[in-house]
Amino acid sequence: MNRFHTVRLSAITASLVLLAACGGEAGTEPEETAAAEAEPAVIEERQENYEAIGDAFKAIRGQMESGEPDFAEIEAQATDINARAQRITGYFPSGTSVDAGYDTEALMTIWEEPAEFETAAQNFVDASAALVTAAASGDAAAVGEQAKEMGGTCKACHDKFRLDTD
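Residues numbered from 1 in each chain as written. Predicted model: local features only at pLDDT ≥ 70, side-chain atom pairs only at ≥ 80, totals over all residues. Heavy atoms only, no water.

Identification of the protein as Cytochrome c from Erythrobacter ani is taken from an unreviewed UniProt entry.

Here it is, written out as structure tokens:
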């Protein structure tokens, strides 16, 4: 091999080593990386909000299933759910749906039928407020019924406005 080919081969090898050292992955498209980085922070915030609501609801169910529910704990969890429920509509700015290519379960129906979405969100706010009241009463039957009603508002909203991933 002549000197020119050796220098050229060394330059190509050095470029490949540099690319590997920088973490370049075969098959990673620049557009995919850019889209993931450009995902609005509000999507993560709303997902965290819903996860916290789910955790609080599980804590309430756990208390009710314990046989000796701590109504102060149930009231605290219900109050947290109610506060989070009141923020829901603010977590859905236009263009943040699954149809826009984001990692979310929010369907375009939210923006196509905004009045219905607002009503569904308000139903959840109202049901969670009623759960706070029921918990404050210390009446296990009332808490159980209201928890069921609140769960129904969750389901109604999910059925219409959330991507079914199950």
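## Thoughts on the layout of surface pockets
The computed volume of the largest pocket comes to approximately 700 Å³. Lining the largest pocket are 29 residues, with Tyr-50, Glu-51, Glu-105, His-158 and Arg-162 sitting closest to its centre. Only helix H3 (41-65), helix H6 (114-137) and helix H7 (140-161) provide two or more residues apiece to the lining of the largest pocket. Examining the composition of the lining of the largest pocket, we find that 10 residues originate from one element, H3, more than from any other. Grouping the constituent residues of the lining of the largest pocket by class yields 15 nonpolar, 6 polar and 8 charged. (1 Å grid on protein atoms, 1.4 Å probe; cavity = no way out; pocket = protein on both sides within 12 Å on 5 of 7 lines; lining within 4 Å. Points joined across faces, edges and corners; volume = space filled by probe spheres on them. Helix = DSSP H or I, 4+ residues; strand = E, 2+ residues; numbered from the N terminus. Nonpolar A, V, L, I, M, F, W, Y, C, P; charged D, E, K, R; others polar.)

## Brief notes about H6
The first and last C-alpha atoms of H6 sit 35 Å apart over 24 residues, in line with the 34 Å expected at 1.5 Å per residue. All of the buried residues along H6 are Phe-117, Ala-120, Ala-121, Phe-124, Val-125, Ala-127, Ser-128, Leu-131, Val-132, Ala-134 and Ala-135. Along its buried surface, H6 packs onto H3, helix H4 (71-85), helix H5 (109-112) and H7. Gly-138 lies just past H6 and shows a positive phi near 75°. (Expected span 1.5 Å × (residues − 1). Buried < 20%, exposed > 50% of the residue type's maximum accessible area, 1.4 Å probe, protein only. Contact = heavy atoms within 4.5 Å.)

## What to know about the environment of Val-132
Inspection of the secondary structure puts Val-132 in helix H6. Residue classification places Val-132 among the buried positions, given a relative accessible area of 18%. For the pair formed by Val-132 and Asp-80, sequence separation is 52 residues and the distance between their alpha carbons is 9.3 Å. Discounting chain neighbours no more than four positions away, the residues touching Val-132 are Glu-75, Ala-78, Thr-79 and Asn-82.

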